[in-house]
Amino acid sequence: MNRSNFAHVRAVGSYAPPRRMSNDELALLVDTSDEWIFSHTGIRFRHIADDAVAASDLAVEAARIALDRAQMPADEVDLILLATSTPDHPGLPATACVVQDRLGANRTAAMDLVAACTGFVYGIETARAFIQSGSARTVLVIGAEVYSKIINWKDRNTCVLFGDGAGAALLCASGEDNPSRVVDSVLYSRGQGAPALGRPAGGSRTPATAADGSDLYLAMDGRRVYTFAIAAIIEAIESVLKRNDLTFDDIDYVVPHQANVRIIDAAAKRGGFDPAKFFTNIAEYANTSAASIPIALDEMVTRDLLKPGHRIITVGFGSGLTYGANLIIW
Ligand code: UT7
């Protein structure tokens, strides 16, 4: 067991279902408009899974791309961490196990991780800890979501915000000579805010069989989440910088959870951070929860924005309420 291991991101991949829904299409379903949605969120489109498609289907596609790019056979993966709030099944079996089987990752441990929109950030830190402790050498961190299955398509307060998709990052052990690594993370939970965002029923508190149907959908206090999110982004970025004796000038990109462009702009302004360093692609995908950061990372790689040695911060926030950030040298 080598306890001096570092963890680096070796490859990323992402996948969004082909069906692309515009704001104008949504305006045929609920009382909304392209103008309202875009001006309040920055969203133009979202990708929506077909009825028969579940989170594991999207996860497998994204994971295969990451593994192909790394030229790594699936059975070399030691651990699959699947961050999702929209698992194939409620609670069990873990969707990660379905993905493990479909990938043919035959000597792999697999588990789901529930930290809502912060799930990928929690997953990266969990992977780093497994690798750094020597418990694993290769960890696949996946965020995969099909919020289209849990939103009320008659509720304009929520249905305009979300989309489906998956992103994956393959983390591998490396030695001190490789500067590319996950340097540090900060992770937080503020459970007093739990009622602000979640599904009121369908768990052991109020089983689906005892629920009023509407309680099975996602419910959100949008204003409260908005205020929380701005403060969370600023605190997470400032904390991870301070812990590592860095300033914002040392950072090349921030890759925030893609919830709302206004949230990101307000956090940059209030935190005194250069807004040009915040990557956004929410216009195309809307909010894909745990998948949004790895989908963004994949787009940045594809567009050749990320270079070896770049210092980036990924920052997530969401239901729980949870928030956190990873500091990564690419
Ligand atoms: O991953 C984290 C997940 N959640 C979030 O990130 C959500 C955080 N919150 C937000 O992003 C914002 O609060 C929203 C985008 C959800 C809402 O924006 P807002 O500027 O806070 O709007 P609001 O809730 O204050 O509503 C303003 C008006 C209301 O009408 P009245 O009462 O002023 O007449 C709403 O009924 O906008 C109305 N409205 C809409 N109108 C057209 C709310 N949703 C819509 C809609 N289309 N889809």
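Residues numbered from 1 in each chain as written. Predicted model: local features only at pLDDT ≥ 70, side-chain atom pairs only at ≥ 80, totals over all residues. Heavy atoms only, no water.

Engineer: Where do I start with the layout of surface pockets in this structure?
Structural biologist: If you roll a probe as big as a water molecule over the atoms, it shows you where there is empty space left. Each pocket or cavity is described by its volume, and for the largest pocket that value is around 960 Å³. Lining the largest pocket are 38 residues, and of these S85, P87, G198, R199 and A201 lie nearest its centre. Its residues placed into classes, the lining of the largest pocket shows 22 nonpolar, twelve polar and four charged. The two domains that each donate at least three residues to the lining of the largest pocket are domain 1 (6-174) and domain 2 (181-329). The set of elements that each furnish at least two residues to the lining of the second largest pocket consists of α2 (34-41), α6 (156-159), α7 (222-243), α8 (261-271) and β12 (311-318). Here the lining of the second largest pocket spans two domains, since at least three of its residues come from each of domain 1 (6-174) and domain 2 (181-329). (1 Å grid on protein atoms, 1.4 Å probe; cavity = no way out; pocket = protein on both sides within 12 Å on 5 of 7 lines; lining within 4 Å. Points joined across faces, edges and corners; volume = space filled by probe spheres on them. Nonpolar A, V, L, I, M, F, W, Y, C, P; charged D, E, K, R; others polar. Domains from an automatic or database assignment. Helix = DSSP H or I, 4+ residues; strand = E, 2+ residues; numbered from the N terminus.)

Engineer: Looking at this structure, how should I read the sheet that holds strand β11 (residues 253-256)?
Structural biologist: Hydrogen bonds between backbone groups are what pair the strands of a sheet, and the pairing can be parallel or antiparallel. Here four strands make up an open sheet; going across it, the order is β8-β13-β12-β11 and the pairing mixed. Each edge of the open sheet is held by one strand with a lone partner, namely β8 (181-189) and β11. Strand-to-strand twist of the sheet, defined as the mean angle between neighbouring strand axes without regard to direction, takes the value 15°. Summarising the sheet, β11 and β12 pair through four bridges and their orientation is parallel. Paired with Y253 across the two strands is I312, which belongs to β12. Along the sheet, helix α5 (residues 119-133) contacts β8, β12 and β13 (322-329); its crossing angle with β8, the most-contacted strand, is approximately 125°. (Pairing = 2+ DSSP bridges. Axes fitted to C-alpha atoms, helices over the stretch in contact; angles between N-to-C directions. Contact = heavy atoms within 4.5 Å.)

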